[in-house]
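Listed here are the chains, written in short residue letters.
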Amino acid sequence: MLKEVFKRPQKSSIFRESIFKEIEDLGINSIGIVAFISFFVGGVVVIQTALNLENPLTPKYLIGYASRESLILEFSPTLISIILAGKVGSYITSSIGTMRVTEQIDALEVMGMNSLNYLVLPKIIANVFFYPFVIIISISLGIFGGWVAGILTGLVSSADYIMGIRSDFDSFHLVYSMIKTSVFAFVIATVPAFHGYYVNGGAIEVGKASTRAVVWTSIVIIVLNYFLTQMLLGK
Amino acid sequence: MIEVKDLYKEFDGTPVLKGINATFENGKTSLVIGTSGSGKTVFLKCLLGLLHPERGDISYDGNIYNQMSPDEKRDLKKDIGMVFQGSALFDSSTVEENVMFPLKMFTNQPYEERIERVNFVLNRVNLENANKKYPAELSGGMQKRVAIARAIVMNPKYLFCDEPNSGLDPKTSTVIDTLIQEITKEYNITTIINSHDMNSVMEIGEKIILLKNGVKAWEGTSDEVFRTDNKDLTNFVYSSNLFKKVREAQLKEDSK
Ligand SMILES: Nc1ncnc2c1ncn2[C@@H]1O[C@H](COP(=O)(O)OP(=O)(O)OP(=O)(O)O)[C@@H](O)[C@H]1O
Ligand SMILES: [Mg+2]
């Protein structure tokens, strides 16, 4: 299955075209919702961290530090991926599944196309290369949302927060985050694509396959999250 | 030439094709007829390699399909044009993009040449001014015609049409039948049409194969259709009132 997907594309100009189209459909169209969620969750993270650091002796800048770490390590790469598994995953399954049940995939095959390669590889490449940018946007907006929330609620001052954001930065945490993101991006492209590609029946089955694809994509992400974390951060 | 030997196909233990033998010649339009559910679509899909028969050989100009390498199969498919029963147009592409797709994929023609060819085939199926429309904006018959245009745009050596004129009015239907026949003659290609349309049977019918209960129940030409006393065929043909009347008139004529 994956062997077919990773064959050399039949025509490179068309392949490039498809990648740009997929970046638009799968990536750019997701930025809005990602930005929106990240901004507000960033705010919530700051408020909750501040309330948990009640001890007056704990320096306030730790709020910025803790928020940054939780956004980089967990919230942006994992939670945003789960959200994208729902949004992008269901889109991929239903679009490929519809092509299957309306014989469009058969039509491609009859023309001599490698349909798996033509339909799935551009999605994988678009996802794996574009999602890291989406997640960086998410991290940045989360941190910004935290700053806004900190000031609005008066829980942390701008200077303290910024100091926290800049203290003790371990660049490997960002690398870890990007590795996770790329792996999840791969999962978000492939698991739903296969659920769509092998659908049998009609519109109802396409709907069911979409639901199943979202569930499985989320499960795979959560499980991989555990193992990747153990591998990359565990001592 | 396409040769089919002892083709057997079942779904979950239920046989649909029980050993079909047939030959389809170059430059001829052959017709596969049969009632709904008789296995016409399954038959075509087996020929195309979209379904895998349990038994039997299919050979294209002497080359057995099952013995070809994946690359050879893909090369063969570039010579095949197929019109699916449900048209199977790419619904995120316009009419023009649909028809141009194979050209774009498998030739290095510049855009001007491609668009010229696209307009030419769209013209041949009597479809103008629809270039920029999406399949969802077309009527069923128009979608069929786009599918036919897409199937012939590469000048295929083999042309398969699964009920090309279902959903078409009798006039357009005749135009399409004639068109397919002309192309078949002109380029000496091997054409197989699935149909249960009696007009097409009369119109085309250089070779007609009747499928019934998974076997070939009759084979002949359109001229022979009216003369045969094969029960399966007459049952199929004269289930149409129009043809029953034609038949009665003819018998009356003959007895005079
Ligand atoms: N994918 C499949 N799985 C199981 N059974 C199938 C499948 N495809 C076709 N069949 C069965 O094979 C038989 C023949 O179907 P087919 O689609 O070839 O009929 P047809 O002659 O093309 O009919 P129509 O004129 O209505 O298009 C039917 O009984 C159908 O239920
Ligand atoms: Mg059919």
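Residues numbered from 1 in each chain as written. Chains lettered and ligands numbered in written order. Predicted model: local features only at pLDDT ≥ 70, side-chain atom pairs only at ≥ 80, totals over all residues. Heavy atoms only, no water.

The name an unreviewed UniProt entry assigns to chain B is ATP-binding cassette domain-containing protein, from the organism Aureibaculum marinum.

Chain A goes by ABC transporter permease in an unreviewed UniProt entry, where it is assigned to Aureibaculum marinum.

Colleague: If you had to explain the overall build of chain B to someone new, which residues and values would you point to?
Modeller: Per the secondary structure count, chain B includes 10 helices and 10 strands. The C-alpha radius of gyration of chain B comes to 19 Å, within 12% of the 18 Å expected for a compact globule of 256 residues. For chain B, the spread of C-alpha atoms along the three principal axes comes to 65 × 40 × 35 Å. Counting all 256 residues of chain B, 52% fall into the buried class. (Helix = DSSP H or I, 4+ residues; strand = E, 2+ residues; numbered from the N terminus. Rg over C-alpha atoms; globule rule 2.2 N^0.38 Å. Buried < 20%, exposed > 50% of the residue type's maximum accessible area, 1.4 Å probe, protein only.)

Colleague: Please provide a residue-by-residue account of the site of ligand 1, values included.
Modeller: All names here are of chain B. Around ligand 1 lies a shell of 13 residues, among which Ser 36, Gly 37, Lys 40, Thr 41 and Gln 85 are the nearest. Taking Gly 37, its main chain carries an N or O atom lying 2.8 Å from an oxygen atom of ligand 1. Interatomic distance of 2.9 Å between a backbone N/O atom of Val 42 and an oxygen atom of ligand 1. Burial of ligand 1 by the protein amounts to 60% of the accessible area it has alone, namely 630 Å². Per-element tally for the shell around ligand 1: the top contributor is helix α1 (residues 40-47), with 3 residues. When the residues that make up the shell around ligand 1 are grouped by side-chain class, the tally is 3 nonpolar, 8 polar and 2 charged. (Near = heavy atom within 4 Å. Polar contact = N/O pair within 3.5 Å; in protein donor to acceptor, adjacent residues only side chain to side chain. Areas by Shrake-Rupley, 256 points an atom, 1.4 Å probe, with all protein chains shown as cover. Nonpolar A, V, L, I, M, F, W, Y, C, P; charged D, E, K, R; others polar.)

Colleague: Go over helix α6 (residues 158-166) of chain A, please, and point to the residues and values.
Modeller: Residue and element names in this part refer to chain A. Taken residue by residue, α6 has Tyr 161, Gly 164 and Ile 165 as its buried positions. For α6, the angular spread of buried residues about the axis comes to 100°, placing them on one side. Opposite the buried face of α6, by more than 90 degrees, sit the exposed residues Ala 159 and Arg 166. Asp 168 sits one or two residues past α6 and shows a positive phi near 55°. (Arc of directions from axis to C-beta.)

Colleague: So what's going on with the environment of B:Ser200? Which residues, and what values?
Modeller: Residue and element names in this part refer to chain B. In this fold, Ser 200 is placed in helix α7 (residues 198-203). The sequence separation of Ser 200 and Ser 222 amounts to 22 residues, and the corresponding C-alpha distance is 9.6 Å. Setting aside residues up to four positions removed in sequence, Ser 200 forms contacts with Leu 31, Asn 165, Asp 177, Ser 195 and Gly 205. A polar side-chain atom of Ser 200 sits 2.9 Å from a polar atom in the side chain of Asn 165. (Contact = heavy atoms within 4.5 Å.)

Colleague: Describe empty space enclosed by the protein, with residues and values.
Modeller: As enumerated under the stated definition, the model contains 3 cavities of 30 Å³ or more in all. Lining the largest cavity are 16 residues, and of these A:Met111, B:Ile80, B:Gly81, B:Met82 and B:Arg150 lie nearest its centre. Of all the secondary-structure elements, those providing two or more residues to the lining of the largest cavity are α4 (104-110) of chain A together with β6 (80-83), α3 (95-106) and α5 (140-152) of chain B. Considered class by class, the residues forming the lining of the largest cavity number 12 nonpolar, 1 polar and 3 charged. (1 Å grid on protein atoms, 1.4 Å probe; cavity = no way out; pocket = protein on both sides within 12 Å on 5 of 7 lines; lining within 4 Å. Points joined across faces, edges and corners; volume = space filled by probe spheres on them.)

Colleague: Could you give an account of the pairing of strand β9 (residues 207-212) of chain B, naming the residues involved and the relevant values?
Modeller: For a regular strand, the rule is simple: side chains alternate between the two faces of the sheet. Residues and elements named next belong to chain B. Burial within β9 is extensive, with 5 of its 6 residues counted as buried. Judged from the 5 bridges that link them, β9 and strand β10 (residues 215-220) form a sheet pairing that is antiparallel. The residue bridging Ile 209 from the neighbouring strand is Glu 219, located in β10. The loop that links β9 with its antiparallel partner β10 comprises 2 residues; one of these, Asn 213, has a positive phi angle of about 50°. (Pairing = 2+ DSSP bridges.)

Colleague: Can you lay out the pattern of salt bridges for me, pointing to particular residues and giving the numbers?
Modeller: One side chain can pair with another of opposite charge once the charged atoms of both are near each other. Tallied over the entire structure, the rule returns 24 salt bridges over all chains. The partner of A:Glu103 in a salt bridge is B:Lys45, with the nearest N and O atoms 2.5 Å apart. Highlighted residues: A:Glu103 in the loop between α3 (61-101) and α4 and B:Lys45 in helix α1, drawn from two different chains. In this structure, B:Arg55 engages B:Asp6 in a salt bridge whose closest nitrogen and oxygen atoms are separated by 3.4 Å. (Salt bridge = Lys/Arg side-chain N within 4 Å of Asp/Glu carboxyl O.)

Colleague: So what's going on with the nonpolar core? Which residues, and what values?
Modeller: All names here are of chain B. The biggest cluster of nonpolar side chains holds 87 residues, and the ones touching the most others in it are Ile 2, Leu 17, Phe 24, Phe 43, Leu 47, Tyr 60 and Phe 160. Not counting the four nearest positions on each side in its chain, Phe 160 is found in contact with Ile 2, Leu 44, Leu 47, Leu 48, Tyr 60, Ile 80, Gly 81, Met 82, Val 83 and Ile 192. Ranked by size, the runner-up nonpolar core spans 46 residues in total, among them Met 100, Val 121, Val 153 and Phe 243. (Core = buried A, V, L, I, M, F, W, Y, C linked by side-chain atoms within 4.5 Å.)

Colleague: Tell me what's going on with the confidence of the model for chain B, and back it up with residues and numbers.
Modeller: Of all residues in chain B, 100% attain a pLDDT of 70 or more, and the chain-wide mean is 89. Across the predicted assembly, pTM comes out at 0.89 and ipTM at 0.89. (pLDDT = per-residue confidence, 0-100.)

Colleague: Which residues make up the coordination of the magnesium ion (ligand 2), and what values go with them?
Modeller: All names here are of chain B. Those donors, Thr 41 (OG1) and Gln 85 (OE1), are the protein atoms that reach the magnesium ion (ligand 2), and they lie 1.9 to 2.2 Å from it. With Thr 41 in helix α1 and Gln 85 in the loop between β6 and α3, this residue pair connects regions lying 44 residues apart in the sequence. Thr 41 sits in the partly exposed class, given a relative accessible area of 23%. What makes Gln 85 partly exposed here is its relative accessible area of 36%. (Donors = N, O, S within 2.8 Å, 3.2 Å for Na, K, Ca; no water.)

Colleague: Break down unusual backbone geometry for me, with residues and values.
Modeller: Residue and element names in this part refer to chain B. Positioned with a positive phi, Asn 155 is a non-glycine residue whose angle comes to about 55°. Counting through the fold element by element, Asn 155 comes out in the loop between α5 and β7 (158-162). Notably, Asn 213 is not glycine yet its phi reads approximately 50°, a positive angle. Looking at the secondary structure, you find Asn 213 in the loop between β9 and β10.

Colleague: Now, about the environment of B:Gly141: what can you tell me, with residues and values included?
Modeller: Residues and elements named next belong to chain B. Tracing the backbone shows Gly 141 in helix α5. For Gly 141, a relative accessible area of 8% corresponds to the buried category. For Gly 141, the contacting residues outside a window of four places in its chain are Gly 167 and Leu 168.

Colleague: Give me the lowdown on the UniProt feature "domain: ABC transporter" (unreviewed entry) in chain B, citing residues and values where you can.
Modeller: Residues annotated in UniProt with the feature "domain: ABC transporter" (unreviewed entry) correspond here to residues 2-238 of chain B. Annotated as 38% helix and 26% strand, the span residues 2-238 of chain B places its first and last C-alpha atoms 30 Å apart. (UniProt positions renumbered as here; feature names shortened; annotations may be inferred.)

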